[in-house]
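Listed here are the chains, written in short residue letters.
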Amino acid sequence: MSKRKRVPREKPYNYVFDAKLPPKLEVKLGEEFEIETDDAASGTIKKPEDSTKLWKTDDFKHTPILLNPINGPVYIEGVEKGDVVVVEIIDIIPADHGWTAKLEGFGQLAYDSRFPKIHERNLVRSIKHSPGPSGTTSDGKAQFPRDDPSKSPIEWNLAPFFGTIALCPDHEVISSLTGPYVANKGGYGGNWDARDVKKGSKIWVSSYNEGGLFFAGDLHASQGDGEWGGVANESPGLGVFKCEVLKDTEIPYARIEKEDSIIQLNNGRPLERVLDEATIWLMQWLINDYGFDEQECYDFIATCPDFRYNVYQTVPPDHYTVGAEIPKRYLLG
Amino acid sequence: MKKLSLGEPNYVLDGKVPPVLTVEPGEIFLVETEDNLTGFIKTEKDLPTIEALKPYSDFTPPKYNPLSGPIFVKGAQKGDLLAITIHKIIVGEQGASCLIPGFGPLANYSKWPELGEAYVKILKHVPGPSGTTEDGKAVYNHEIQWDLKPFIGTIGVAPEFEVESSLLGQGFWGGNWDCRDITTGSTIFLNSYHEGALLLLGDVHATQGDGEWTGVANEARAELTISCQVVKNKRIPYARIEKEESIIQLFADRPLDDAVRSAIIGLMEWMVEDYGLAPRDAYVRISVDPGFRINIYQFVKAGKLGYTVGAEYPRDSFKPKTSKN
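This one's a predicted model, so the numbers in the text were calculated from it and none came from an experiment.

**Considerations on the overall build of chain B**
Scanning chain B from N- to C-terminus turns up three helices and 22 strands. For 325 residues, the compact-globule estimate of 2.2 N^0.38 gives 20 Å, and chain B sits close to it at 20 Å. By its C-alpha atoms, chain B is 60 × 45 × 40 Å across when sized along the principal axes. Looking at chain B residue by residue over its 325 residues, the buried ones come to 47%. Considering only residue pairs separated by 6 or more positions, chain B has 74% of its internal contacts joining residues 24 or more positions apart.

The structure is reproduced here in C-alpha cells:
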C-alpha cells in the first residue's frame, strides 16, 4: 500500500476556519490522506482533576473560547468556489482512551439545581478504548467506569466520528467551536457532532474557495443522541479521507450518503424549524434526483416507517444538528 | 467636528481592517452610513430580483448591510466596555423597503403568491420643524405618513479573532440587531476586544415595525452624530442600552423564548451588580412591576440570525416611593 500523506498533530493548534491560512497538505481528487487530530480540550485534560483547571487556562480567556482545535486546511486540487466536495471517510481511529467531563456552566444542566451532586465537582471520567477485530480502535470497545469501583464498567462498541469537519467560509472567519453554519444556500460544515460523519460515510459540503480548504477535528469516540451533557467521549485520533467533487453544484446545507441511506443535514435553532427545513430539502432531493412526484413525495415521507429524524446534537447555546434520513432501498425505482 | 464620509463599505467586522477614523473619548463626530443594499434601490423600478442582486448575493453570506468604520476610540482596550451615545440621526430624503424573492416569512405562501415576487416601496422623507429629517415624516402614500423614528440597525466592534458578516453576525461584540432603541438619546454598551475597540456601524432604519416582519425595514442612508466613552475593565452579558427613562438588556438568539430568558437574566445581573438589588428582589420585581417591558425588536428568519429582544426596566422603579394616600 502506498504511503498516504498525513497532516500531523502539531502545535500551535488552529481554532478558526480561515481561508487565508496556508494549506498544510495538497491532495488530488480520489487520493487518500490522513489527518491527526487532538481532542476538544487541545490535550489539556489528562487526569480527573484537570477538568476544573481547564477554565483557568489561557484558552478560556478568549471570545469564543478556544476549544475544538481543528487540523488542516487540506487543499483539494480541482475544487473551486461553487462546487460541492464529497468527503469520504475511509477510517477513524480513536486513541486508546477518551474522556468526558462535566464542565462548569456548560451543558444542559449547567445551572440546574435538581441534581446538586452534578455540580459538586468538575471531574473527568476517563473511558478506556480497546481494539476490535481490525486490530485498531476503529471497531473497538469502550469501557465506561462506574463511580463505585466494585461495579464492573459499562461496555459498548465504539462508534467514532468527527464532531467538526468543514471547508473554509467565503468571507467570514469563524470559530471551530461555535461555527460555521449557513442555512439555505450550501453549508460548509462546522461543529456538528453528527454521529453519521463516520467511517463509510460520504459528506457533501459546499466549497467557497479554490481547493475547498478542508479541516477536521473534535473526534468523538462515542456519543449519545443530543450530546446531552455537552461533552461526548472526546479523544485524539486519526482520520483517513478522500475527496471527490461535484462541479458547479448547489445543495441546501449539507448531505450525508451512507452505504444504505441518504441524509439531509441541517443545523440551527429551534429544533422544530431545523427539522422542517431538513424535510423540505430532503423532498427536493428526492424530487430532483430520484424521480418522485411532489405529492407522492409528500405522502411518502409521511407514511414510510423507515423515514428517520436523527437528532444529533442539542447543546445550548450552539445550534442544533439534525438529519432527515431515507433508506436507499426505496430509491431504486 | 470630524466627519467620516461614505467610503469603502465593510461587509464583515474584521479586527485586521485598519481604522479610517480616530476619535478621543467624549469627542462628538459625524458618520455617514450607506443603506442596506449599498444604494442598489433608487426608484421603484430597481427591483431586487435574484439576478439583479447577484453582485451582492453571490457571496455567502451575501454582501448586504455595508458598515462604516472601523473607528478607533483612544483609550479603549480589550476587556473594556465601549459606550456609544447617539446624539442625532439624519436620514436621507427617501428610504426603501422591498420584497426579495425567496426571502421573508411569506416568500413561499401560495395564498398570496405576489408576496414572493420582487417589489420595491419607496418612502419619501420630509423635513420637520428643524428643517431636517431629524424630526421629519416618512410618507407611505398620499394618505398615510408617520413620524420618522430612525435607529442604527447594525452596530458592533470588531470581534476578538473571528471575522463576522455584517448581515448575519451577532455576538457579545454587537451585530445586526435591528433594535429600535439604538436611537437618538440612547447610549449603547458593547464589549471591546481590541485596542481602540474598532467600531463599525450602518444599516440605519428610518422606520420599522416590531419584528421587521418582511425582513426589510424602511432602509435609508443617514448621517449620525455620535460620541464614545470607555468604561475600563468591565464585561457585560451581551449588549446593554441606557435610555433617559430606562435601562435595557439586549439579547439575540433563537428560539424567541431563549432570547427572552437570556435578556431577563442579563437584566437581573445588572440590577444585582450595579443597582444593589438582592437576586430574589430582582426576580420578583421583574414579575410584578408593571413598568417592566419585553421588547421584540426583530424576528427575521435569515441564516443564523437570532431574534433580538430587550428586557427593559424603568429607572424610576429604582427610586424609593411611598404612597401619599
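The structure having been displayed, the exposition proceeds.
**Brief notes about the overall build of chain A**
Along the backbone of chain A there are three helices and 21 strands. Here the C-alpha atoms of chain A give a radius of gyration of 20 Å, agreeing with the 20 Å that 2.2 N^0.38 yields for 333 residues. Each principal axis of the C-alpha atoms in chain A carries an extent, and together these give about 60 × 45 × 45 Å. Per-residue burial over chain A gives 46% buried out of 333 residues. Considering only contacts in chain A between residues 6 or more positions apart, those separated by 24 or more positions represent 75%.

**Things to note about the interface of chain B and chain A**
Listed per partner, the contact involves 17 residues of chain B and 19 residues of chain A. Residue composition of the side of chain B that touches chain A, by class: nine nonpolar, three polar and five charged.

**Some thoughts on the nonpolar core**
If you look at the biggest cluster of nonpolar residues, it comprises 160 residues, and the most contacted ones within it are V205 of chain A together with L82 and L199 of chain B. If you tally residues by element for this core, the top one is strand β6 (residues 81-91) of chain B, at eight residues. When residues of this core are assigned to domains, at least three map to each of domain 1 (3-231) and domain 2 (240-318) of chain B. Residues contacting L199 of chain B, with those up to four places away along its chain left out, are G69, P70, I71, V73, L82, I84, V157 and C228 of chain B.

**Quick word on helix α2 (residues 256-275) of chain B**
All names here are of chain B. Compared with an ideal rise of 1.5 Å per residue, which puts 20 residues at 28 Å, α2 spans 27 Å between its outermost C-alpha atoms and is within 8% of the ideal. Within the span of α2, buried status applies to A259, S262, A263, I264, G266, L267, M268, W270 and M271. Buried residues belonging to α2 abut β19 (240-242), β20 (246-253), α3 (279-288) and β22 (307-314). Just beyond α2, the residue with positive phi is G276, at close to 75°.

**Examining the pairing of strand β5 (residues 70-76) of chain A**
All names here are of chain A. Counting buried residues in β5 gives six out of seven residues, a clear majority hidden from the surface. Bridge count for strand β3 (residues 25-27) against β5 is three bridges, and the pairing is parallel. Among the inter-strand pairings, L25 is bridged to a residue of β5, identified as V74. Inspection of the sheet shows β5 paired to strand β15 (residues 214-222) by three bridges, in the antiparallel sense. Across the sheet, N71 pairs through a bridge with A216, a residue of β15.

**Structural notes on the sheet that holds strand β19 (residues 261-268) of chain A**
Strand pairing in a sheet relies on backbone hydrogen bonds. The paired strands run either parallel or antiparallel. Residue and element names in this part refer to chain A. Read across the open sheet, the nine strands follow the order β1-β4-β17-β6-β14-β18-β19-β21-β20; overall the sheet is mixed. Edge positions in the sheet fall to β1 (5-7) and β20 (308-313), since each has one partner strand and no second. The average undirected angle you get between the axes of adjacent strands in this sheet is 30°. Here helix α2 (residues 271-289) sits on the sheet and contacts β19, β20 and β21 (320-327); the angle it forms with β19, its principal contact strand, is near 140°.

**Thoughts on the environment of Y320 of chain A**
Mapped onto the fold, Y320 of chain A is located in strand β21. Leaving out residues up to four positions away in the same chain, Y320 of chain A has contacts with N267, G268, R269, L271, V274, Q313 and T314 of chain A.

**Some details on the domain arrangement of chain B**
Often, the extent of an interface is quoted as the loss of accessible area on bringing the components together. Residues and elements named next belong to chain B. Taken domain by domain, chain B consists of domain 1 (3-231) and domain 2 (240-318). Relative placement of domain 1 and domain 2: their C-alpha centres are 23 Å apart. With 21 residues of domain 1 at the contact, the number on the domain 2 side is 22 residues. Looking at the side of domain 1 that touches domain 2, the elements that each hand over two or more residues are β14 (174-176) and β15 (187-191).

**Brief notes about the pairing of strand β6 (residues 84-94) of chain A**
Residue and element names in this part refer to chain A. As paired elements, β6 and strand β14 (residues 202-206) share five bridges and run antiparallel to each other. Looking across to β14, one finds that V87 is bridged to I203. Across ten bridges, the pairing between β6 and strand β17 (residues 237-246) is antiparallel. Residue pairing across strands places D91 opposite V240, the latter belonging to β17.

**Here we look at the packing of α2 of chain A against helix α3 (residues 294-303) of chain A**
Residues and elements named next belong to chain A. It is at 10 Å that the axes of α2 and α3 come closest, and there the two elements cross at 130°. The pairing of α2 with α3 is recorded here as oblique in orientation. Read as a crossing pair, α2 and α3 show a hand that is right-handed. Listed contacts from α3 to T279, M283, L286 and I287 of α2 are E294, C297, Y298 and I301.

**Section: the sheet that holds strand β4 (residues 29-33) of chain B**
Residues and elements named next belong to chain B. Ordered in space as β1-β4-β18-β6-β15-β19-β20-β22-β21, the nine strands form an open sheet in which the pairing is mixed. On the outer flanks of this sheet lie β1 (3-4) and β21 (293-298), each paired with one strand and no other. One ladder, built from three bridges, connects β15 with β19; its direction is antiparallel. When the sheet's bridge partners are listed, F189 is paired in β19 with R240. Against the sheet, α2 touches β19, β20, β21 and β22, its axis set at about 145° to β20.

**Some words on the confidence of the model for chain B**
When the pLDDT values of chain B are averaged, the result is 97; 99% of them are 70 or greater. Reported confidence for the predicted complex is 0.91 by ipTM and 0.94 by pTM.

Procedures and definitions
- Residues numbered from 1 in each chain as written.
- Chains lettered and ligands numbered in written order.
- Predicted model: local features only at pLDDT ≥ 70, side-chain atom pairs only at ≥ 80, totals over all residues.
- Helix = DSSP H or I, 4+ residues; strand = E, 2+ residues; numbered from the N terminus.
- Rg over C-alpha atoms; globule rule 2.2 N^0.38 Å.
- Buried ≥ 20, exposed ≤ 12 C-beta atoms within 10 Å, placed from the backbone.
- Contact = placed C-beta atoms within 7 Å.
- Nonpolar A, V, L, I, M, F, W, Y, C, P; charged D, E, K, R; others polar.
- Core = buried A, V, L, I, M, F, W, Y, C linked by C-beta atoms within 7 Å.
- Domains from an automatic or database assignment.
- Expected span 1.5 Å × (residues − 1).
- Pairing = 2+ DSSP bridges.
- Axes fitted to C-alpha atoms, helices over the stretch in contact; angles between N-to-C directions.
- Parallel < 35°, antiparallel > 145°, perpendicular 65-115°, else oblique.
- Left-handed = near helix turned anticlockwise from the far one by under 90°.
- pLDDT = per-residue confidence, 0-100.

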